[in-house]
Amino acid sequence: MIVGCLALNASFEPLTMVPLKRALRLVIDGKAEIVEAEQGRAIRSERLTLPRPAVIRLTRFIHVPRKFRRQVTNTFLFARDEYRCQYCGRPAQELKPREALTRDHLVPLSRGGTNEWTNVVTACSSCNTRKSNRLPSEIGMHPLHQPVEPHFVHLSWAVRRLTPIQSRYIRMFYGAETLHHLEVLEQRAARRIG
Ligand SMILES: [Zn+2]
């Protein structure tokens, strides 16, 4: 089942997943066209019948800043860090019942740190408590991976299922490697939820 619709820019660059309702609205308003539809399933309203879109393409090109600054949410942060504490290295499933994954600020907020991608890492609650309001160098706690801003496409799909049709467009534009990376993230997210 399709949970969302893949929206492409006019240039065919994959942009994001949009809810089905929003995709239909864009199509009805003439702001997007249906590139791929789910076979055999139609959406009927009073006045019109539309195929159920799996991939839509915007009719006008929208400019996406090279450094697309999506707000850091824990969902995406944990996905970026592969659901693993960046200090002790334990994955979510190895945490004790009273522990949880949290957001840690390398430079603590109380010391002028920000919520930018490059200043936040996934930390288990125990490591987060231990690090407290100190800098990594002060306490000798350094993240396994230097935090970077992830590609926004990775974020968009990190916690979502792609259908084969949608995957094809990702592969076309970003190559098989990106697709593989997304699939790995998806599987991790699915394991975590399931
Ligand atoms: Zn930890």
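Throughout what follows, the structure given in this document is the object of discussion.

Thresholds applied
Residues numbered from 1 in each chain as written. Predicted model: local features only at pLDDT ≥ 70, side-chain atom pairs only at ≥ 80, totals over all residues. Heavy atoms only, no water. Helix = DSSP H or I, 4+ residues; strand = E, 2+ residues; numbered from the N terminus. Buried < 20%, exposed > 50% of the residue type's maximum accessible area, 1.4 Å probe, protein only. Contact = heavy atoms within 4.5 Å. Patch = residues over 30% accessible without salt bridge, like charges linked within 9 Å, V, L, I, M, F, W, Y side chains within 5 Å. Areas by Shrake-Rupley, 256 points an atom, 1.4 Å probe, with all protein chains shown as cover. Salt bridge = Lys/Arg side-chain N within 4 Å of Asp/Glu carboxyl O. Donors = N, O, S within 2.8 Å, 3.2 Å for Na, K, Ca; no water. Tetrahedral: all angles 85-135°; square planar, octahedral: opposite > 155°, others 65-115°. Core = buried A, V, L, I, M, F, W, Y, C linked by side-chain atoms within 4.5 Å. Pairing = 2+ DSSP bridges. Axes fitted to C-alpha atoms, helices over the stretch in contact; angles between N-to-C directions.

## Re the overall build of the protein
So, point 1. Helix and strand counts for the protein stand at 7 helices and 6 strands.
So, point 2. Element order for the protein, N to C, with α for helix and β for strand: β-β-α-β-β-α-β-β-α-α-α-α-α.
So, point 3. Counting every position in the protein, which comprises 194 residues, the buried fraction comes to 44%.
So, point 4. Put simply, 65% of the contacts in the protein that link residues at least 6 apart link residues at least 24 apart.

## Side note on a nonpolar patch on the surface
So, point 1. A grouping of Phe12, Met172 and Phe173 is seen on the molecular surface, where their side chains present a nonpolar patch of about 290 Å² in accessible area.
So, point 2. Checked against the element boundaries, Phe173 lands in helix H6 (residues 164-174).
So, point 3. Overall, the relative accessible area of 37% leaves Phe173 in the partly exposed class.

## What about the coordination of the zinc ion?
So, point 1. The zinc ion binds to the protein through Cys85 (SG), Cys88 (SG), Cys124 (SG) and Cys127 (SG), with metal-donor distances spanning 2.3 Å.
So, point 2. Relative to the metal, the 4 donor atoms surrounding the zinc ion lie at angles of 100 to 117°, and the coordination shape comes out tetrahedral.
So, point 3. Mapping the donors of the zinc ion onto the primary sequence yields the spacing C-x2-C-x35-C-x2-C.
So, point 4. For Cys124, a relative accessible area of 0% puts it in the buried group.
So, point 5. Take Cys127: its relative accessible area is 6%, and that puts it in the buried class.

## Brief notes about the nonpolar core
So, point 1. By size, the foremost hydrophobic cluster in this structure holds 18 residues, and its most contacted members are Leu77, Cys85, Tyr87 and Cys127.
So, point 2. Of all elements in the fold, only helix H2 (74-80) and strand S6 (120-124) reach the threshold of two or more residues within this core.
So, point 3. With 13 residues, the next largest nonpolar core counts Ala23, Leu26, Val27 and Leu58 among its residues.

## What to know about the environment of Val18
So, point 1. Assignment of secondary structure puts Val18 in strand S2 (residues 14-18).
So, point 2. Once the C-alpha coordinates of Val18 and Ile56 are considered, the two residues, 38 residues apart in sequence, prove to be 9.6 Å apart.

## As for the sheet that holds strand S4 (residues 49-58)
So, point 1. Ordered in space as S2-S1-S4-S3, the 4 strands form an open sheet in which the pairing is mixed. The sheet terminates laterally at S2 and strand S3 (32-44), the two strands that pair on one side only. Strand-to-strand twist of the sheet, defined as the mean angle between neighbouring strand axes without regard to direction, takes the value 35°.
So, point 2. Sheet topology places strand S1 (residues 5-8) next to S2; 4 bridges connect them, and they run antiparallel. Looking at S2, one finds that Leu6 is bridged to Met17.
So, point 3. Across the sheet, helix H1 (residues 20-28) lies against S1, S2, S3 and S4, angled at about 85° from S4, the strand it touches most.

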